[in-house]
Structures are given as structure tokens and as C-alpha cells.
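# Coordinate analysis (summary)
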Amino acid sequence: MNQINLAAANENQAKSTWKFLLSELKPKGKIFTPFNIISFPIMITGLVLIVIRFWKGLGAVTNLSQEVPWGLWIGFDVVTGVAFAGGAYVLTFMVYILNMKKYHSIIRVTVLNGFLAYVFYAGALLLDLGRPWNVINPIIGNNFGTSSVLFLVAWHFLLYMIAQFIEFSPAVAEWLGAKRIRKILSAMTLGAVIFGITLSILHQSGLGALYMMAREKIHPLWYSEFIPILFFVSSIFAGLSMVIFEGSISYKVFFGQISEKNRHAHHEIIHGLSRVCAGTMFAYLFLHLLIFLHGRHWGLINTPMGYWYLLEMFGFVLLPMLLFFYGYRVKSGLWIRIAAILTMLGVILNRLNVTVIGFRWDMPVRYIPTWMEVCVTLAVIFTEIWIFRWVIRRMPVLRDPPAWAKSH
Amino acid sequence: MGLDRRNFLKTMGVAGAALAVGKPSQAAGNKGKYTEFYGILYDSVKCIGCQNCEVACTETYGFPEITDTPLVGTERHTSETRRTILNVQETSRGEVYTREQCMHCNEPACAAACLTQAMYKTEEGPVIWRGDKCMGCRYCMVSCPFDVPKFEYHSSNPKIEKCTMCYERIMEGGIPACVESCGFDALLFGTRRELLTEARKRICAEPTKYSDHIFGEKEAGGTGLLMLTPLRPQELGYRTNIGNESYPALTKGFLFAVPSVFVLIPPLLLGIHEATKNKGSKQEEEEV
């Protein structure tokens, strides 16, 4: 008798969970927003292009060649995208390791952002693989190419995605109302954070180390044995600039979700982050200067690529660094946001200079991405934003967690 | 048997071959068998540009027929349907032929780059490509200083094409098709040591005809394809910015740092966490 009741109760619960999930799938909010109207056609076109790409081969969609085998999809989607996702490890370091509670209110949204970035940029990597059905090989040991930097990066992507999911999972549990599971998942946070930071240090620099063997192919102003360190240091301010940028947009778009207390904290957070950015950018600039002097590259400065290098260094590292300092001193959110945007442009420029623009810079016919490559890239970014929005509207990411999660 | 040896090399030798010392022959020696890398010697002084080698290669691997010939002033390149190519240029010594194909490096950048060991330095010396492992990431192409691996961009099931030194033929006791086709002693097949000896002999016998440099003896840590030229290699447009250091050595420092980071950083982070924790933070942690 008792058992039957229990079974019925279980069934009921399963049914209601199912109903809940189905209802959550429906869109919340307006459908015909300017963002949707612009992004939707691009996503559909991107999907069509992806079908063509797998049907006819990479050459049908991309401008890649035997000399330039990695283009926009690797140089921008993967290498630049992962740098921007660095905010998650920097912020978890500040909140969980340094116990800076001030930043706690934005930790979830940053981790979510980082997690989605990894999912989608690793996804973009799949698009670029010629034989994607073999992608599982380095995981299952057919074979373990342990001498490869890419082997390290691939494993780290996978492990870091798991770590980030664990970091974010309490929010999912709160959304589903799973109290016991939430408790278990929360207990795993610190371990995931420590593991995640270690992984991040290694694969952020590893993305730079990928290009170490392309010594003759990359312009000497961007090639040095210190690429891994430069990539690591720049991922700190790249990630934080992204946090400032994304945080400012979320603040406007999802204003209603943010509690009064956290709205106030938002400005404090941005000020604090601007100082961290300025500091790391100073270290980064100094490293670049040392490498430049050490490499004796004076002769290369008075060339078109030299001017390009100076533009990157002065216009997109030094200038935003000063703006971050200034914005921090005068407590101006506007200047900080401008600095964040300039920094992000600078990081895009830097990553593309190593991977695309400075790669085979001496070739008579340069690689320029096709509109189709650009469209697929945009489609990937928009899809990520759609998913991000879907999660924000449902799970306690920006808004406070439910009362039951706070009580103990 | 072949598979056994390969497995043995996989576990023991490959890291050495691809990364550090570059002498898997010694690793194999542990098993009581001593193998040397095979190689090919190309003698540009003897080559008359008959293209027999090119034809033999395309016929062996079923590539489309070759219709163009080496011409002064034009540069031909290997492609996804051409594994070896001859070029000719006008020099102070008259017309000189040069050859383009996989160099079969002792420590290949492509094999070190490959995360599935699809690009693989065999115990016998040839660098081969294994389709059942390759995921088509093209990192081998990014890494190869000689731009050898070619990718089929217009296929939904693309392969990486490059010279394999006719690995299957060697394993059956044969010699590479191109070498077999050459009637002018411009191509020789043998162990790398034999070929170096022969190359030096040729230089000594006719020092006026040969430049005193064997391209591939030291370049990129030593290569399986060795080339004799009438002029210094840089005068013939060979890549001389390559240096004598092996390419996998460039990423060695980074890869060797990985275990130390993994051991040192987590306890450090945990330590900082404990040190900065204050009484209220326990609750805060739960709140996540």
C-alpha cells in the first residue's frame, strides 16, 4: 500500500518536473527585438554555411590554403574567444582564493559566460576540423600525442569545461529546486575553482605555445619564446575587460533581475576591476618592451608591420591602460567602459596579429577570410548570446538565489 | 610483429624521437635490435630533370598525370596530388635542379605537433600519416617549417598528403618508387649513415662540382632527405632560416613546465585560500 503511494508520488513529481522543463523552454520576453531581428538571419545563414562546409569540404566556405591552414575560425573564435573567457578564472581566483567578497555578486554570471564561451569556441573548433569524427581520439588514446601542445590544450578545454560546469551547477540546482544535489555541488566548488585556475594558467599560455613551432612563419615583432607568458598575462585583462563590458550590458538589459544591493555593488566592482586591469596591462607592456629590446627589433619598426605593431602597443595597450587608471582615479564608469572596449579591441588585434595577420605576413597572396567565415563566426557568437539570455532569464544568475538556498 | 614494434616505440621511443634526444634507434636497441633511420640522397649535380621520379610517384599513388615540366622562372610546388616536385633555375653553374618533398626530419615538427600521433615518425625513418587517427586539425601544417603536409580542402573526407618515403614498399623490402625510377644516380636510398658517407665521398671526389654542404645533415636537427648541390643551398633558394635546432625543442620548455605547474599551483592556491579566509567566509562559501 505504502509502496504504491510512493510510486505514485514519484511519478507525479517526475511529471511536474517534465512540465516545468517544457514550460521553461518557451521564450520569455519580446520576440521582435532589434537584436533578434539582426541575429536570427545570420544564425540561419551560418547554419546553412556549416552544412555546406561539411558537405563540400572546408575549401568551399573558407579561404584557407596550404600555406595558411588556420584562419579566422581558429585565430578569432578559439584563440581570441578563449582569452575573453579568461574572466572566469581571474574572478574565481579573486573571490574564492583571495576571498574578496566584493566581487561575489558577479561570479555566477562570469562563470556562466566563461562556460558558454568554452562550449561554443570548442564547438567552433569542431567546425574547423577536417575529420571531426576522430575528435575523440586524443581522449580515448588513439593515440595520446603527449608531445603536442594541442593535446594539452584539447584536454584542458574538456576538463575546464567540466570544472566550470561544477562551479556553475548550484545555480542549475536552484532553478530545478534540487536541494540535496545543490548542497553536494556547492561543496565541490572550491576544488573545481582550484583545478580550474591551474588548467586556465596552462591552456591560456598553451594557446600561445601552439605557435612556437611556427617560428619562421610569424612576423618577428610578434614571435618570441615568451608568447605563452604574454598570452597568459593578457588573458587576465582580456577576461576582466570582457567582464566589465558584459556586466555593463547585462546591467542595462537585465536591470530588473539585479537586486538593489547588487546594483550598487556593480559600480564598485567596475572600479575595482579597472585597477586590476591597469596593473596587469602595465606588467604586459613592460614584458613587451623587454622582449622588444631583447630581440633587437629596432630595424623592423620603420616598416608597415612596425607601424602596425606600434599602433597595437600604444593605441590598444598603453592608451586603455592610462584610461583605466584615469577612470579609477576619477571614479568614472564611462572612461572605464571605454578603456574596456579599447582593451578588447587590442586583444583581438594582438591575437589576430599572431595567428592571422602576422602569420605568413611575407606571402604575396595574403589570407583574407571570406564573408562566409565571418558569417559563421558571428552565428557562433549570436547563438552563444541567445543561450546566455535563455539561462539568465531562468536561473538565479544575476538575481539572488531562492531563500531556501540561503538559509543554511 | 610490425605492430608490436610500433607499440613498443609508442610507449618508449616516440617521446624521445619526437621531443628530446631523437635517437629512437637506441630505444629499439634495448630490444636487442638496432635499426637506423632510412633516408634518400638527392644529388642535384647528377639530376637532369627527366621527371621520372615525379611520374613514378604519381603512378604509385594514383595521382593525376603530370603535364607541366620544370621551367626556369617558374616555381612548382607539391600539392595534395603531388608528393614530389622538381624545379630548375639558371645559376652561375648553368641550369640546376632542386627537389621539393617531405624532408623526413629526425625529430619532425609535424609528429610532435600531432595530438593523436597520426603524423608519425616510424622506427625505420619515414614520417607517415595515419588516417584512422587524424582529426584534420592541420596543426602539422602550421608547425612544419618546410610546408610539406598538404590538406584536401575540397573533400568532405579530407586526407593529409605528403611523401611517406614509400613506407609500405620499404617494409616489404623494396625501395621508394622515385629512387627506383632514377637512372642517373641522382637519387639513392639507404640508411642515413650510408647516405652521408656516400655524399661526402662524392664531394671529396669532385670538390669543384659540389658545394661543401649536405643540406639536411644538420638542418632542423637533421633530416632523412639529404641533398647535394653544386652551389650553397641559400643560393638555390633552399630555406636557410631554419637553423640546426630541432623544431620540437621549441615547445619542449613549455611542455616540461606543465607538470610543475600542476604540482605547485593547486597547493599554493589552497594555501592562499586558507590564509585569506576569515570567520565569516565559511557561510559566504555556502552561499554560492
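You'll find the structure just up there.
Parameters at a glance
- Residues numbered from 1 in each chain as written.
- Chains lettered and ligands numbered in written order.
- Predicted model: local features only at pLDDT ≥ 70, side-chain atom pairs only at ≥ 80, totals over all residues.
- Heavy atoms only, no water.
- 1 Å grid on protein atoms, 1.4 Å probe; cavity = no way out; pocket = protein on both sides within 12 Å on 5 of 7 lines; lining within 4 Å.
- Points joined across faces, edges and corners; volume = space filled by probe spheres on them.
- Helix = DSSP H or I, 4+ residues; strand = E, 2+ residues; numbered from the N terminus.
- Axes fitted to C-alpha atoms, helices over the stretch in contact; angles between N-to-C directions.
- Parallel < 35°, antiparallel > 145°, perpendicular 65-115°, else oblique.
- Left-handed = near helix turned anticlockwise from the far one by under 90°.
- Contact = heavy atoms within 4.5 Å.
- Nonpolar A, V, L, I, M, F, W, Y, C, P; charged D, E, K, R; others polar.
- Buried area = accessible area lost by both parts, 1.4 Å probe.
- Salt bridge = Lys/Arg side-chain N within 4 Å of Asp/Glu carboxyl O.
- Phe/Tyr/Trp six-rings, centres within 6.5 Å; stacked < 30°, edge-to-face > 60°.
- Buried < 20%, exposed > 50% of the residue type's maximum accessible area, 1.4 Å probe, protein only.
- Lys NZ or Arg CZ within 6 Å of the ring centre and 35° of its normal.

## Quick word on empty space enclosed by the protein
All names here are of chain A. This structure, assessed with the given rule, holds 11 cavities of 30 Å³ or more. Of the pockets and cavities examined, the largest cavity occupies roughly 200 Å³. In terms of lining, the largest cavity is formed by 17 residues, of which the most central are Ile106, Val109, Gly247, His266 and Leu398. If one sorts the elements of the lining of the largest cavity by residue count, helix α10 (residues 227-253) sits on top with six residues.

## A look at the packing of helix α4 (residues 87-97) of chain A against helix α5 (residues 107-128) of chain A
Residue and element names in this part refer to chain A. α5 packs onto α4 with a crossing angle of 150° between their chain directions and a minimal axis gap of 8 Å. By the angle class used here, α4 and α5 are roughly antiparallel. Every pair of crossing elements has a handedness; the one defined by α4 and α5 is left-handed. For the pair formed by α4 and α5, the contact residues are Gly87, Ala88, Leu91, Thr92, Val95 and Tyr96 on the first element and Ile107, Thr110, Val111 and Gly114 on the second. A class-by-class count of the residues in the contact of α4 with α5 yields six nonpolar, four polar and no charged.

## Topic: the interface of chain A and chain B
Contacts between the two partners involve 72 residues from chain A and, on the opposite side, 66 residues from chain B. For the chain A and chain B pair, buried surface summed over both sides reaches about 6,000 Å², with 59% attributable to carbon and sulfur atoms. The largest per-residue losses of area from chain A upon contact with chain B belong to Gln66, Arg131 and Met213 of chain A, which jointly make up 15% of the total buried on that side. The interface formed by chain A and chain B holds four salt bridges in total.

## Topic: the packing of aromatic side chains
As enumerated under the stated definition, the model contains 24 aromatic pairs over all chains in all. Pairing Tyr211 of chain A with Phe359 of chain A gives two aromatic rings, centres 6.3 Å apart and planes at 80°, and the pair type is edge-to-face. Separated by 148 residues along the polypeptide, Tyr211 of chain A in the loop between α9 (189-209) and α10 and Phe359 of chain A in the loop between α14 (333-357) and α15 (371-394) bring together distant segments of the chain. What makes Phe359 of chain A buried here is its relative accessible area of 3%. With a centroid separation of 6.0 Å and an interplanar angle of 20°, the aromatic rings of Phe292 of chain A and Tyr309 of chain A are classed as stacked. Of this pair, Phe292 of chain A sits in helix α11 (residues 260-295) while Tyr309 of chain A sits in helix α13 (residues 304-329), and the two are 17 residues apart along the sequence. The pair Phe292 of chain A / Tyr309 of chain A is uniform in exposure class, with both members buried. One aromatic cluster is present, built from ring pairs that chain together Trp70, Tyr211 and Phe359 of chain A together with Tyr139 of chain B. Its end group placed over the ring of Phe37 of chain B, Lys121 of chain B keeps NZ or CZ at 4.3 Å from the ring centre.

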